[in-house]
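Geometric and topological summary
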Amino acid sequence: GFRHYFKHKSESTESSPSGRHIGHYKAILKNDDLVDLQVAMLNIGLRTGQALDRWKKTISVMLEKDKGKPKLHRLRIIQLFEADLNFLLSLVFGHRLMTFARKHCNINESQYGSMNRKQAQSAVLNKILTYDIFRVTKQDAATTEFDAAANYDRIVPALAMIACQRLGLAKKPAELMYNSLIDLKHQVKTIYGLSAEYGPTADNPLFGSGQGSGGSPTFWAVIADILFNCMDSKGAELVLSNPGGTIVSARNEDGYVDDTALGVDGRDGNVVGRMTTAAQRHERTLYATGGKLALHKCTWVLVNWLWCNGNATMETFSEAQDSTSMIDTSTKLTLKQSENGESVDIQRLQPDQGYRTLGIWIAADGNPQKQLKILQATVSHWLECVTNSSLRDLDRQLAYQSFLRPQLLYLIGCATIDHHDLKKMFRPVLDELLHTLGLNKNFPLALVHAGHNWMGLGIEDLPTMQGISQLQLLLGHANKQDRTATLIQIERDYLELAIGVGRCPLMEPYIATLE
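Read on for a plain summary of the structure. (Residues numbered from 1 in each chain as written. Predicted model: local features only at pLDDT ≥ 70, side-chain atom pairs only at ≥ 80, totals over all residues. Heavy atoms only, no water.)

1. Structural notes on the pattern of salt bridges
- Counted under the stated rule, the structure contains 24 salt bridges.
- Across the salt bridge formed by D132 and R135, the nearest N and O atoms sit 2.3 Å from each other. Here R135 and D132 lie together in helix α5 (residues 120-137), a separation of three residues that amounts to about one turn.
- Residue classification places D132 among the buried positions, given a relative accessible area of 14%.
- Because the salt bridges share partners, they merge into one network encompassing E237, D265, R267, D268 and R274. (Salt bridge = Lys/Arg side-chain N within 4 Å of Asp/Glu carboxyl O. Helix = DSSP H or I, 4+ residues; strand = E, 2+ residues; numbered from the N terminus. Buried < 20%, exposed > 50% of the residue type's maximum accessible area, 1.4 Å probe, protein only.)

This is how it looks when you write it as structure tokens:
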């Protein structure tokens, strides 16, 4: 509860416009009377629905999205709330409500953000597996990547509280949160100090729960749950099954906070028309909740197969219309912005064009070249920072473990990069690590990668790290038997036919060599 939250909170974390920052709360943790008093005050708010006056104030700070480029449209606004209010929001909404909802309220499976025991990699893996199945089955299809604009800042407090009560929240905590948001007074903090206070009026109400609030992830999750249910009520536009039809995956979208992927299958020749209808439905449903799509940031991909002498290739939209194509590829995906009625042509990507989704670069044709370039740039940037610094050898090793290694692990788990390319990319990093240990770069790799129990250095091999990450994802989803596991089983069955082995391809012998 209270002690656990503030004990593990960093004292340097910015909070509390009133000045009661986290350090004050950490200082009272050993005094039972002061802790009991603070908890009693919080319980009064939960039981009466009344918010303290200091809970109705927030300070907004602006952070650069692009370092060194403080452009107005590329600033991330973070709102600082009272530390005890944020604790209350994290406990009641972030933990208790979401735990209850997952157990008893059947949260839509399309929701991956703000959910315990779910991760962003799973949403990306769903897209990769879907593209794999498209390529194996050679079916026409289309996918769209949506990006919601300032989703936390457009949440309607009344709607969010109704959505929370729908999943089991009591009335008084909902009133407490509504009362603190509806009268919220704002100030902007810059290098010149604090701005004048401003807030909502009868003519100009201000919405949003604030990016920096412990309750915002939950508020968005409960609203997105309604959005996904509305989309599913019209039927699944993306239905995939194994060759025997015994395993079926039927869905519309996969969403992670403000990023959502929508797909339609090739059940008919009207792929673009069905995609337009489904995408417009998503846009209007989101707008009805107070949200808005940043249509200029949305993209889509059309998977259209052209056949020639029994061979199929993905058509690019620059190629001429072929007589074997079922789809008019000159058709654009045009959506209307509900806010102003403006029609916007969504940017279309080539099938071989890598695009970024949740920090990972993928392509419809499965090529990993864009992801490889990003990894190479990440490694080069780390090497440049380390070699030009005055860090000690031990600190350089820590820089690898704390900064570079986590970045690589997140990316390579969903990537299919060739082992040779991974080794070539990682070699300069390995040389730097060996140098910090006082070893020559020609030190035997068998000892470099061997564990400490085998008298080795225990420096992991990047292809091995990739394999372990992929196995963890495979086994984790197989144990959960979730949507991703279903897609894996469907692809496995198709690969059995494509390869012609008659059993799971993972059962085939494979000998790895250490280069």
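Text resumes after the structure shown.
2. Examining the sheet that holds strand β1 (residues 57-64)
- Spatially, the four strands line up as an open sheet ordered β2-β1-β4-β5, and their pairing is mixed. Two strands lie at the open edges of the sheet, namely β2 (75-80) and β5 (193-194), each paired on one side alone.
- By the bridge criterion, four bridges tie β1 to strand β4 (residues 185-190) in an arrangement that is parallel. Directly across from S60, in β4, lies its bridge partner V188. (Pairing = 2+ DSSP bridges.)

3. Some points on the sheet that holds strand β3 (residues 141-147)
- Spatial ordering of the open sheet is given by β8-β9-β3-β10-β15, a layout of five strands whose pairing is mixed. Of all the strands in the sheet, just β8 (253-256) and β15 (347-349) have a single pairing partner and so form its edges. Averaged over all neighbouring strand pairs, the angle between strand axes comes to 20°, with direction disregarded.
- Sheet topology note: the β8/strand β9 (residues 259-264) ladder contains four bridges and is antiparallel. When the sheet's bridge partners are listed, Y256 is paired in β9 with D259. (Axes fitted to C-alpha atoms, helices over the stretch in contact; angles between N-to-C directions.)

4. Re helix α3 (residues 32-48)
- The terminal C-alpha atoms of α3, which comprises 17 residues, lie 24 Å apart, in line with the 24 Å expected from a rise of 1.5 Å per residue.
- Restricting attention to buried positions, one finds in α3 the residues V35, Q38, L42, G45 and L46. Down the axis of α3, the smallest arc covering the buried residues is 100°, so these residues share one side. With respect to the buried face of α3, the exposed residues turned more than 90 degrees away are D33, L37 and R47.
- Residues of α3 that are buried in the fold lie against α1 (2-7), α2 (22-27), α4 (83-104) and α7 (171-182).
- Capping of α3 at its N-terminal end is provided by N31; its side-chain oxygen lies 3.1 Å from the backbone amide nitrogen of D33.
- Directly after α3, the chain includes G49, whose backbone phi takes a positive value near 80°. (Expected span 1.5 Å × (residues − 1). Arc of directions from axis to C-beta. Contact = heavy atoms within 4.5 Å. Polar contact = N/O pair within 3.5 Å; in protein donor to acceptor, adjacent residues only side chain to side chain.)

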